[in-house]
Protein chains: 2
Amino acid sequence: MIPDNAAATPSLLDACAPVRAILNRVGDKWSVLLVMALCAGPRRFNDLKRAVPGITQRMLTLTLRGMERDGLITREVFPTTPPRVEYALTELGRSLREPVEAIGQWAVANEAKIAAAQARYDAVNG
Amino acid sequence: MIPDNAAATPSLLDACAPVRAILNRVGDKWSVLLVMALCAGPRRFNDLKRAVPGITQRMLTLTLRGMERDGLITREVFPTTPPRVEYALTELGRSLREPVEAIGQWAVANEAKIAAAQARYDAVNG
DNA sequence: CTGAATCCCCGAGGATACTG
DNA sequence: CAGTATCCTCGGGGATTCAG
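Scoring rules and cut-offs
- Residues numbered from 1 in each chain as written.
- Chains lettered and ligands numbered in written order.
- Predicted model: local features only at pLDDT ≥ 70, side-chain atom pairs only at ≥ 80, totals over all residues.
- Heavy atoms only, no water.
- Pairing = 2+ DSSP bridges.
- Helix = DSSP H or I, 4+ residues; strand = E, 2+ residues; numbered from the N terminus.
- Contact = heavy atoms within 4.5 Å.
- Axes fitted to C-alpha atoms, helices over the stretch in contact; angles between N-to-C directions.
- Near = heavy atom within 4 Å.
- Polar contact = N/O pair within 3.5 Å; in protein donor to acceptor, adjacent residues only side chain to side chain.
- Nonpolar A, V, L, I, M, F, W, Y, C, P; charged D, E, K, R; others polar.
- 1 Å grid on protein atoms, 1.4 Å probe; cavity = no way out; pocket = protein on both sides within 12 Å on 5 of 7 lines; lining within 4 Å.
- Points joined across faces, edges and corners; volume = space filled by probe spheres on them.
- Buried area = accessible area lost by both parts, 1.4 Å probe.
- Salt bridge = Lys/Arg side-chain N within 4 Å of Asp/Glu carboxyl O.

Residue and element names in this part refer to chain A. Pairing in this open sheet of three strands is antiparallel, and the strands run β1-β3-β2 from one edge to the other. A strand with exactly one partner marks an edge of an open sheet, and here the two such strands are β1 (43-44) and β2 (73-78). In this structure, β2 lies alongside strand β3 (residues 84-89), joined through six bridges in antiparallel fashion. Counterpart to V77 in the pairing with β3 is V85. Sheet contacts for helix α5 (residues 57-69): β2 and β3; angle to β2, the most-contacted strand, approximately 115°.

Below is the structure:
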């Protein structure tokens, strides 16, 4: 529960509300992997399942649903037999790649520094 | 557990390993709020606790520890009575602000689109 | 004041089986 | 093929208490 003084300091938490919603998706392991998997073009359900090793059907469905709800991907059903469903990034979803890749490049660029810092920290502490 | 065919498709998951480590921190609610709280300058423990409404002592401690281990912040102890500990962003921590703010600006810029997409989705579905 | 330690709960998410 | 339904566990994280 938010304490009583929340109204006195709303700026930080409230201002970040929409940002955090995005961060929850961006920080989500499966979402990021799916965005990357969909960069090349539309893909089918089981195709994505194979492209993202380790994901379960459940999480694939849930993540795709969430991303579709956020308008990041589209879901197109072809009424064939067997059924066929294609997922594709929307313009919005593609535009998300840029800032996400900025984070990714920061991570790659500073990977060594972070590893060194961790090694230093672990050496001093247990 | 990663399935046996992990070795056959290592690129996607493995290439993202360091990135995901960062994303776990960037996507972390408390980490982001702490980075923002520390932007203005060094702050003390209880000062941060007040600045980030809703955070518990436990999570504040754990998050600060993690960020210190990653080399994002420094922890300086002043052997006074009562004890006094100041936390501050490192150069690395400050450099993280840029890509994080890129995400933030994307979120703000596309907030309306996302809300609209969600409203559309919710109108069609339950 | 700055933590460490403890308890506990709840929900994300994995495994499995079933359906249109 | 593309999901849905069900069960279950595992750990993140909140509340509380103790310590230096």
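Among the 18 residues in the neighbourhood of DNA strand D, the closest are listed as Q57(A), R65(A), R75(A), Y87(A) and M59(B). Across the atoms of DNA strand D situated within 4 Å of the protein, the share located in sugar and phosphate is 68%. Here R65(A) contributes a side-chain N or O atom positioned 2.8 Å from a phosphate oxygen of DNA strand D. Those elements that provide at least two residues to the surface near DNA strand D are α4 (45-51), α5 and β3 of chain A together with α5 (57-69) of chain B. For the surface near DNA strand D, the per-class residue count stands at eight nonpolar, four polar and six charged.

Moving on to unusual backbone geometry. Between T81(A) and the following residue, P82(A), the backbone shows a cis peptide bond with an omega angle of 0°. Relative to the helices and strands, P82(A) resides in the loop between β2 and β3.

If you walk through the whole model with that rule in mind, you get one cavity of 30 Å³ or more. Approximately 40 Å³ is the volume attributed to the largest cavity. Every residue lining the largest cavity is listed: I22(A), R25(A), D70(A), L72(A), L96(A), W106(B) and I114(B). Along the lines of polarity and charge, the residues of the lining of the largest cavity split into five nonpolar, no polar and two charged.

As a further point, take the interface of chain A and chain B. Interfaces are often described in size by the accessible area the parts lose on coming together. Taken residue by residue, the interface counts 45 residues in chain A and 45 residues in chain B. Overall, the association of chain A and chain B removes approximately 4300 Å² of surface from exposure, summing both partners, and the carbon and sulfur fraction of that is 77%. The largest contributions to the chain A side of the interface with chain B come from R69(A), I103(A) and W106(A), which together make up 17% of the buried area. Applying the counting rule to chain A against chain B returns two salt bridges. With a shortest N-O distance of 2.7 Å, D122(B) and R69(A) are connected by a salt bridge. At the junction of chain A and chain B, the tally comes to eight residue pairs in polar contact (both at pLDDT 80 or more).

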